[in-house]
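Spelled out from the first residue to the last, the chains are:
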Amino acid sequence: MSIPYPDKRVIRTKEKFHEVLIDLMEEKNFHDITITGIVKTAGFNRGTFYAHYEKKEELLEEVIENMFDKMKEVFRKPYEDLSVINFHDFPSNSIILFDHFIEHRQFYKLMLRQASTTNFQERFSNQLDKYFREEFEFDVTNIDPSIDIELFITYRINGIIGIILQWIEDDFPTSPSYMGEQLLHVLNFSTEKIYIKNKNE
């Protein structure tokens, strides 16, 4: 039995609604956006909107889920044909996740700015955490046996997520290629000691 493809007209209509919602959220808070405003800006009528969504929150949720699907795809792309990643010889230009954030910078900046609307930062972090835990098994052969491995993995994952969030919140101050290189350096680096700043102040 063949799987029916989505109607191209439906796809185009939904894409238009997605685009309009993001543009409107650039101008005002999501709570102040009305369905009337959405359909008027999109050039449709309310009937077209209600043929696909019951409320504006459902439209926003679809926009977010679609972006998370794209993020997962680029997250997986560099290693889809690999069984192991050796950070020492892994090409940094294979990491295209940062390119994804640049391509959709309007969305990520906007959603992080309006994070209270959808708990976006928490959802974003949870999605990346899920990808890392589902997709990777960290090599811990050289880890001090007294270290709790689950805590170590959490430390590693949240460090990477923190780097990504800071880069987005700082408005992408460096290139995706630079961030890919730095991520590999960070993953390869181990800190044996730290110095206390301003000790004599």
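The numbering scheme is per chain: residues are counted from 1 as the chain's sequence reads. The model is predicted, so local features are restricted to residues of pLDDT at least 70 and side-chain atom pairs to those at 80 or more, both for listing and for counting; the totals for chains, interfaces and linings are taken over all residues. Hydrogens and waters are ignored; side-chain quantities use all the structure's heavy atoms.

Asker: Can you break down the pattern of salt bridges residue by residue, with the values?
Answerer: What counts as a salt bridge is simple: a side-chain nitrogen of Lys or Arg found within 4 Å of a carboxyl oxygen of Asp or Glu. What the rule picks out here adds up to 11 salt bridges. Between E62 and K14 there is a salt bridge whose closest N-O contact spans 3.0 Å. Of this pair, E62 sits in helix α4 (residues 56-76) while K14 sits in helix α1 (residues 8-27), and the two are 48 residues apart along the sequence. Of the charged contacts in the structure, one is a salt bridge between R113 and E26, with a shortest N-O distance of 3.4 Å. Of this pair, R113 sits in helix α6 (residues 105-113) while E26 sits in helix α1, and the two are 87 residues apart along the sequence. A relative accessible area of 52% places R113 in the exposed class. Members of the salt-bridge network, linked through shared partners, are E61, E65 and R123. Under the scheme used here, helices are H or I runs from DSSP no shorter than 4 residues and strands are E runs no shorter than 2 residues, and both carry numbers assigned from the N terminus. Using a 1.4 Å probe on the protein chains alone, a residue whose accessible area is under 20% of its type maximum counts as buried, one over 50% counts as exposed, and one in between counts as partly exposed.

Asker: Any details on helix α10 (residues 176-188)? Residues and values, ideally.
Answerer: For α10, which comprises 13 residues, the first-to-last C-alpha distance of 19 Å matches the rise-based estimate of 18 Å (1.5 Å per residue) to within 8%. Within the span of α10, buried status applies to P176, M179, G180, L183, L184 and L187. Considered in projection along α10, the buried side chains sweep an arc of 135° and stay on one side of the axis. Where α10 is buried, its residues touch α5 (97-103) and α9 (149-169). By this rule, a helix spans an expected 1.5 Å times one less than how many residues it contains. Taken from the helix axis, the directions to the C-beta atoms give the arc we talk about. A contact between two residues is defined here by any heavy atoms of the two lying within 4.5 Å.

Asker: Can you tell me about the side chain of H100, naming the residues and giving the values?
Answerer: Tracing the sequence through the fold places H100 in helix α5. Leave out the neighbours within four places in its chain, and H100 touches M67, K70, M71, V74 and Y108.

Asker: Go over the packing of α1 against α4 with me, naming the residues and quoting the values.
Answerer: The interhelical angle for the contact between α1 and α4, taken along N-to-C directions, is 100°, at an axis separation of 10 Å. Regarding the angle of α1 to α4, the classification is roughly perpendicular. Contact residues: K14, F17, H18, L21, I22 and M25 in α1; L59, L60, E62, V63 and N66 in α4. Broken down by class, the residue content of the contact of α1 with α4 amounts to seven nonpolar, two polar and two charged. For helices, the fitted axis covers only the stretch in contact; all axes are lines through C-alpha atoms, and the angles between them, taken along N-to-C directions, range from 0 to 180 degrees. Any angle between 65 and 115 degrees counts as roughly perpendicular, while under 35 counts as roughly parallel, over 145 as roughly antiparallel, and the rest as oblique. When residues are grouped by polarity, Ala, Val, Leu, Ile, Met, Phe, Trp, Tyr, Cys and Pro land in nonpolar, Asp, Glu, Lys and Arg in charged, and all others, Gly among them, in polar.

Asker: Explain the nonpolar core to me, and be specific about the residues and the numbers.
Answerer: Only buried residues count toward a nonpolar core, which is a set of Ala, Val, Leu, Ile, Met, Phe, Trp, Tyr and Cys residues joined through side-chain atoms within 4.5 Å. In terms of nonpolar packing, the biggest core is built from 54 residues, with F101 and F124 touching the most fellow members. Sorting the residues of this core by element identifies α1, α2 (35-42), α4, α5, α6, α8 (120-135), α9 and α10 as the ones contributing at least two each. Aside from chain neighbours lying at most four places away, what touches F101 is M71, Y108, F124, I164, W167, I168 and F172.

Asker: Account for the layout of surface pockets, naming residues and giving values.
Answerer: Reported here for the second largest pocket is a volume of approximately 430 Å³. Here the term cavity refers to a set of points on a 1 Å grid, laid over the protein atoms alone, in which a 1.4 Å probe fits but cannot get out; the term pocket refers to an open set having protein on both sides within 12 Å along at least five of seven lines, with lining residues being those that place an atom within 4 Å of a point. In terms of lining residues, the second largest pocket is bounded by 17 residues, among which H18, E19, M67, K70 and H104 are the most central. Those elements that place two or more of their residues in the lining of the second largest pocket are α1, α4 and α6. In terms of residue count, the dominant contributor to the lining of the second largest pocket is α1 (seven residues). For the lining of the second largest pocket, the residue count by class is five nonpolar, four polar and eight charged. Grid points are joined across faces, edges and corners, and a volume is the space filled by probe spheres set on the points.

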